[in-house]
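Residues per chain are reported as follows:
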Amino acid sequence: MNAAAVLSQPIALPPLPFDQGALAPVISANTLRFHYGKHHKTYVDTLNKLIVGTEFADMPLENIIRATSGHSDHTEIFNNAAQVWNHTFYWKCLKPKGGGEPPAELKRMMETSFGGVEECKKELSKAAVGQFGSGWAWLVQDGDKLKVLKTPDAENPLAHGPKPLLAVDVWEHAYYLDYQNRRVDHVNALIEELANWDFAAENLRKR
Ligand SMILES: [Fe+2]
């Protein structure tokens, strides 16, 4: 391996913020073993191979995503970079014994934007269940309002403006081992039992 290749390994697989068994039974250790240990790791490894020797080699991950979004000649780099970012973000959106009442500031914004916490959760669930095929559902901040979005495949809100607060992965690899075709049951259990509203509220304050 030459020196340039050694230097061009900027994208790391961050450790999971919880033990692999800590989200069971909603997300089993077996699902995490594949989802984090195989899928997320493969996105990281593939991205590092794709960017060696390119203009993207030394860019921060978010810059790679913004620079390649919508450019058909860089679709493969975009897909892998976005999936690395999406998964790193997604793990932080989950915590053992999550769900419950969101922190006050986030709760107030849910009330003004959706009419209440329950209404916000219903919108998020509807987007996650309604995303046709692989993709993501997002709670985002757009100015002084919250919105719910859904995106196909690796797409995320980063290149389009709204600030992501919370993500739900609805690729089948996120739930199929535990829920098979019952995406709705997985999504609702995730929102009720694992959603890390503290993390979502921290994102409100990020620039
Ligand atoms: Fe995933």
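Cut-offs applied
- Residues numbered from 1 in each chain as written.
- Predicted model: local features only at pLDDT ≥ 70, side-chain atom pairs only at ≥ 80, totals over all residues.
- Heavy atoms only, no water.
- Salt bridge = Lys/Arg side-chain N within 4 Å of Asp/Glu carboxyl O.
- Helix = DSSP H or I, 4+ residues; strand = E, 2+ residues; numbered from the N terminus.
- Buried < 20%, exposed > 50% of the residue type's maximum accessible area, 1.4 Å probe, protein only.
- Expected span 1.5 Å × (residues − 1).
- Bend = angle between axes of the 7 residues up to and from the residue.
- Contact = heavy atoms within 4.5 Å.
- Donors = N, O, S within 2.8 Å, 3.2 Å for Na, K, Ca; no water.
- Tetrahedral: all angles 85-135°; square planar, octahedral: opposite > 155°, others 65-115°.

Visitor: What is the right way to read the pattern of salt bridges from this model?
Guide: It is possible for side chains of opposite charge to pair when their charged atoms get near one another. A complete count under the given rule lists nine salt bridges for this structure. Among the salt bridges present, the one from Glu118 reaches Lys121, with a minimum N-O distance of 3.1 Å. Here Lys121 and Glu118 lie together in helix α6 (residues 117-130), a separation of three residues that amounts to about one turn. Among the residues examined, Glu118 registers a relative accessible area of 44% and is labelled partly exposed. Two residues, Lys121 and Glu192, come together in a salt bridge whose shortest N-O distance is 3.2 Å. With a gap of 71 residues between them, Lys121 in helix α6 and Glu192 in helix α8 (residues 183-193) connect regions that are remote in the sequence. Residue Lys121 is classed as buried on the basis of its relative accessible area of 8%.

Visitor: Would you take a moment to explain helix α2 (residues 29-51) for this structure?
Guide: Taking 1.5 Å of rise per residue, the 23 residues of α2 would be expected to cover 33 Å, and the 31 Å separating its terminal C-alpha atoms lies within 8% of that figure. The sharpest bend along α2 measures roughly 25° and falls at Lys41. Of the surrounding secondary structure, the elements contacted by the buried residues of α2 are α3 (61-68), α4 (75-92), β3 (163-169) and α7 (176-179). Gly53 lies just past α2 and shows a positive phi near 75°.

Visitor: So what exactly am I meant to see when it comes to the coordination of the iron ion here?
Guide: Ideal coordination angles are 109.5 degrees for a metal with four donors arranged tetrahedrally and 90 or 180 degrees for a metal with six donors arranged octahedrally. Of the protein atoms, only His35 (NE2), His87 (NE2), Asp169 (OD) and His173 (NE2) coordinate the iron ion, at distances of 1.9 to 2.1 Å. Around the iron ion sit four donor atoms, and with donor-metal-donor angles ranging over 90 to 127° the site reads as tetrahedral. Of note, the iron ion draws all its donor residues from one chain, in the sequence arrangement H-x51-H-x81-D-x3-H. Of this pair, His87 sits in helix α4 while Asp169 sits in strand β3, placing them 82 residues apart in sequence. We note that His87, like Asp169, is buried.

Shape is all these values report; function is a separate question.
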